[in-house]
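Listed here are the chains, written in short residue letters.
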Amino acid sequence: MGAWGAGSFENDDAMDRVIGLAEGSGDAVLRDALTPITTTHDRYLEGPDCSIAVAAAEAVAAARGHANASLPDEVVEWVRKKPEVTGELVALARSAVDRIAAKSELRDLWDESDSAETWRAAMTDLRARLG
């Protein structure tokens, strides 16, 4: 896992995907990140997919006015453009965060680290900001 911290954007996979927001394809990038997590209930959720979905959920929360204090500049710029975030997209983000926090490779990896509590707290905070 190319992670350097428990925050939503503190890993290589999430930061690579954030570039799509800056390029103006936000809604499609977010849906592409969230949909596989929420529609594949019969498979184990891989860490990179989860990291990307968590970053997408953070972007959704930010667009709703509930931003994480440590948003990357690319997400801040995207939010400034006032993207329309549909109820469907918010529901996708909620579902993805719930699944990732409950059972995923990302959770397993953090559970094996010294930062497990920090990561779990970040997921709880993100879920609360999504409503």
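Look a little higher up for the structure.
Described below are features of the structure shown in this document. One numbering rule holds for all chains: residues counted from 1, following each sequence as written. Since the coordinates come from a predicted model, pLDDT governs what is reported: local features require at least 70, and pairs of side-chain atoms require 80 or more to be given and counted, while whole-chain, interface and lining totals use all residues. Based on all heavy atoms of the structure, the side-chain values leave hydrogens and waters out of the count.

## Description of the overall build of the protein
Under the DSSP-based scheme used, a helix requires at least four consecutive residues in state H or I and a strand at least two consecutive residues in state E, with every element numbered from the N terminus. Within the protein one finds 7 helices and 0 strands. Of the regular secondary structure in the protein, the N- to C-terminal order runs α-α-α-α-α-α-α. Only protein chains enter the calculation, and the probe is 1.4 Å; a residue is then buried if its accessible area is under 20% of its type maximum, exposed if over 50%, and partly exposed in between. A total of 131 residues make up the protein; the buried ones form 41% of that total. Contacts were defined at the residue level, with two residues in contact if any of their heavy atoms lie within 4.5 Å. Taking all contacts inside the protein whose residues are at least 6 apart in sequence as the whole, residues at least 24 apart take part in 69%. All accessible areas in this document rest on Shrake-Rupley with a 1.4 Å probe, and a residue is counted as covered only by the protein chains that are shown. Summed over its atoms, the accessible surface of the protein is roughly 6,500 Å², and 49% of this surface lies on carbon and sulfur atoms.

## Focus: the pattern of salt bridges
We count a salt bridge whenever a side-chain nitrogen from Lys or Arg sits within 4 Å of a carboxyl oxygen from Asp or Glu. Counted according to the given criterion, the structure contains 9 salt bridges. Taking the shortest distance from any N to any O, the salt bridge between Glu-58 and Arg-129 comes out at 2.9 Å. Placement of Glu-58 in helix H3 (residues 47-63) and of Arg-129 in helix H7 (residues 116-130) is noted, with a sequence separation of 71 residues between them. Across the pair Arg-80 and Glu-77 runs a salt bridge whose closest N-O atoms are separated by 3.3 Å. With Arg-80 and Glu-77 both in helix H4 (residues 73-80) and 3 residues apart, the pair spans about one turn of that helix.

## Let's talk about the environment of Asp-49
Turning to its location among the elements, Asp-49 is positioned in helix H3. It is 9.4 Å that separates the C-alpha atoms of Asp-49 and Glu-105, two residues lying 56 residues apart in sequence. Residues in contact with Asp-49, not counting those within four places in the same chain, are Ile-37 and Arg-43.

## A short note on the environment of Trp-110
Summarising the element assignment, Trp-110 is placed in helix H6 (residues 105-111). The buried category is assigned to Trp-110, whose relative accessible area is 8%. Sequence-wise, Trp-110 and Arg-120 are 10 residues apart; in three dimensions their C-alpha atoms are separated by 8.4 Å.

## Considerations on the packing of H3 against H4
For any two helices packed against each other, one specifies the inter-axial angle together with the distance between the axes. For helices, the fitted line uses only the C-alpha atoms of the stretch in contact; every axis is such a line through C-alpha atoms, and the angle between N-to-C directions lies from 0 to 180 degrees. At their nearest, the axes of H3 and H4 sit 10 Å apart, and the two run at 40 degrees to each other. Relative to H4, the element H3 lies oblique. Handedness of the crossing formed by H3 with H4: right-handed. Taken together, the residues of H4 that come into contact with H3 (itself represented by Ala-59, Ala-62 and Ala-63) are Val-75, Trp-78 and Val-79. Tallied by class, residues from the contact of H3 with H4 come to 6 nonpolar, no polar and no charged. Roughly parallel refers to an angle under 35 degrees, roughly antiparallel to one over 145, roughly perpendicular to one between 65 and 115, and oblique to any angle outside these ranges. Handedness of a helix crossing follows the sense of rotation of the near helix relative to the far helix, less than a right angle counterclockwise being left-handed and clockwise being right-handed. By the convention adopted, Pro, Cys, Tyr, Trp, Phe, Met, Ile, Leu, Val and Ala count as nonpolar, Lys, Arg, Asp and Glu as charged, and the other residues, Gly among them, as polar.

## Regarding the packing of H3 against helix H5 (residues 87-102)
In the contact formed by H3 and H5, the axes pass within 9 Å of each other and the chain directions differ by 140 degrees. The orientation of H3 with respect to H5, classified from their angle, is oblique. Between H3 and H5 the crossing geometry is left-handed. Side by side, H3 and H5 meet where Cys-50, Ala-53, Val-54, Ala-57 and Val-60 of the first sit next to Leu-89, Val-90, Ala-93, Val-97 and Ile-100 of the second. In terms of residue class, the contact of H3 with H5 is built from 10 nonpolar, no polar and no charged.

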